[in-house]
Structure formats: C-alpha cells, structure tokens
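Reading the structure
Okay, here's what each chain looks like letter by letter:
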Amino acid sequence: METIQILVLAFVQGLTEFLPISSSGHLVLTPLLFGYELQSLAFDVAVHLGTLAAVVFYFRREIARMLVAVLDSLRTRRFDDPDARLGWMIVLATLPVVVLGLPLKSVLEWLREDDQLIALVIAGTTIGFGLLLWWADWRGRRERDEYGLGWGDALVIGLLQAVAIIPGTSRSGITITAGLLLGLTRQAASRFSFLLAIPTILMAGGLETLELVQTAEPVDWSGLVLGAMVSYLVAYLTIRFFLSFIERISMLPFALYRLLLGGVILGLLYL
C-alpha cells in the first residue's frame, strides 16, 4: 500500500468507527471511490487495534472502576454497585455478537464478492438506518444515563449491534439508536455504545488476527504501524469532540449525511 492510501484509510477508520455513519461501509467505499485495491486483512487488523486503543485510553478510568466492581460482585454476589451493573450490562450486550457474529460474517464475505451488490446494500442500510437514527433522536425521551440500563435494555442493544456486521448499518449508529429509543440521553447512548465497542472490536480483531496467521500473507509492518497510529489519533479526537458536542447538535447532521451519502451511491450506481 502507498503511504497516501494508508493515511486516507486510517483517517477514514478513525473518524467513522465511533460516528454513527458506518466505518465498514466507508472502508469498502473509499477504495472503490479512489480506485485502490481493497485493503489487506492485516491492515484492517491494524487500524481496528488503533481505534480500540483510543477508546480504551479515553475511558481508562471508567474501565478500571468497572473491572474492580465486576470482580467484587463475583466475590460478594451483589450487583447493586452502579459500576458493576454497567460492566455486566456490557457483557450481556456483547453476547449476541458472540452467537451471531460468525453466521453474519459469512454473509459479509458473500456480499464483498460483488462490488455493485455491496454498494447497493451500503446505500440501502445507510439511508434506512439513517432515517431510524433521526426518528429515535426525535422521539427519544432522553431521561436516563447509561447506569440506568436494565438487563432487557442491554440485550436489545446487543441484538441490534449484531446487525451492524452488514456494511452501512454502523455499529455505533445502531447501538446509539437503540439507546435513544430506550430513553437514554444522547451522551449516555453514545458512551454505552463506545464502551460496548471495546469487547466487540477486541473479538473481531482476534478473529481477524487468527485468520491472518492462518493465511500467512506478507506483512508491511511499517505501513501497519503508521495506519494504527493515525487511526488511534483520529479516533481519540473523534470520541472526545463527539461526546462534547452531541447534546447540543443532535443526531440530525449525521442522519442527513447518511441520506446524502446513500443518495450519492445510488446515483453512481444507476445514473
């Protein structure tokens, strides 16, 4: 991969992983748009590790508190500590991806074999879930924070997260949408979505790493390190600014962007 291609794709991954606009869709569309060859599995692993490092570093204090509280809840068998409950909500919301991830991954691999089909799928999911995001933001009560989630709430968010394996859906977008529909504030829905990304990206990265080891494809280590560093920096800044402004700007700009992007894709396909 050329340096400019590495920088562009790493920037796109870091920017879109935590915005409700679909990182997987953009990582598929960007090479098609610029005429790049589809990036290697090794590069996908590297940039995902960069975004994982960014969200872990940003929430490092919350993660430390949750780990201590969850371990203590196992010892005492009490779940009244808010940090312990939040930690167990994240565990529960991760389970649907564990169960459904591999079957849905085979669907993704099938879609990637046909450029026109996957572009059409991305257009449809981008528009459809963009409208759903706007509706959830408009109708949501926005009364609770992430510590008020119950077991059923976490399971619903987790089930919808599994759908995000389909490109264009957006993992952060669908989980934020679910949080808003369940009465969370914009910031609380976003925070839970970002925390939920940690085990999800970790598992996806682990599976991709295992697949990479089995294929034994040649690795450009300098390119991977550069991609990981760029995606880390961009993702960290994206998380920080998104959480700072989301209560004021609402989800409307992201919904409008999704509608525009979906329309552009359809226009390129059929005009």
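Residues numbered from 1 in each chain as written. Predicted model: local features only at pLDDT ≥ 70, side-chain atom pairs only at ≥ 80, totals over all residues. Heavy atoms only, no water.

Taking an unreviewed UniProt entry as the reference, the protein is identified by name as Undecaprenyl-diphosphatase belonging to Allochromatium humboldtianum. UniProt, in the comment section headed Catalytic activity (unreviewed entry), describes the protein in these words: "di-trans,octa-cis-undecaprenyl diphosphate + H2O = di-trans,octa-cis-undecaprenyl phosphate + phosphate + H(+)". The Sequence similarities (unreviewed entry) field of the UniProt record for the protein holds the comment "Belongs to the UppP family." (UniProt positions renumbered as here; feature names shortened; annotations may be inferred.)

1. What about the pattern of salt bridges?
Within the structure shown, the criterion is met by 9 salt bridges. Arg-65 is the partner of Asp-83 in a salt bridge, and the nearest nitrogen-oxygen pair spans 3.6 Å. Of this pair, Asp-83 sits in helix α5 (residues 82-111) while Arg-65 sits in helix α4 (residues 60-76), and the two are 18 residues apart along the sequence. With its nearest N and O atoms 3.3 Å apart, the salt bridge here joins Asp-153 to Arg-144. On the basis of relative accessibility, which here comes to 16%, the residue Asp-153 falls in the buried class. Arg-144 gets classed as partly exposed once you look at its relative accessible area, which sits at 24%. The network of salt bridges with common partners includes Glu-62, Glu-146 and Arg-191. (Salt bridge = Lys/Arg side-chain N within 4 Å of Asp/Glu carboxyl O. Helix = DSSP H or I, 4+ residues; strand = E, 2+ residues; numbered from the N terminus. Buried < 20%, exposed > 50% of the residue type's maximum accessible area, 1.4 Å probe, protein only.)

2. A short note on the packing of aromatic side chains
Enumeration according to the criterion identifies 9 aromatic pairs in this entry. Site record: aromatic cluster; members linked through ring pairs are Phe-18, Phe-194, Phe-242 and Phe-254. The side chain of Arg-60 reaches across the aromatic face of Phe-57, ending 4.1 Å from its centre. The ring of Trp-138 carries Arg-139 above its face, with NZ or CZ at 5.6 Å from the centroid. (Phe/Tyr/Trp six-rings, centres within 6.5 Å; stacked < 30°, edge-to-face > 60°. Lys NZ or Arg CZ within 6 Å of the ring centre and 35° of its normal.)

3. Some remarks on the UniProt feature "transmembrane region" (unreviewed entry) in the protein
Mapped onto the present numbering, the UniProt feature "transmembrane region" (unreviewed entry) falls at residues 40-59, 86-104, 116-136, 188-207, 219-243 and 249-270. Taken end to end, residues 40-59 comprises 90% helix and 0% strand; its first and last C-alpha atoms sit 29 Å apart. A distance of 29 Å separates the end C-alpha atoms of residues 188-207, which is 100% helix and 0% strand.

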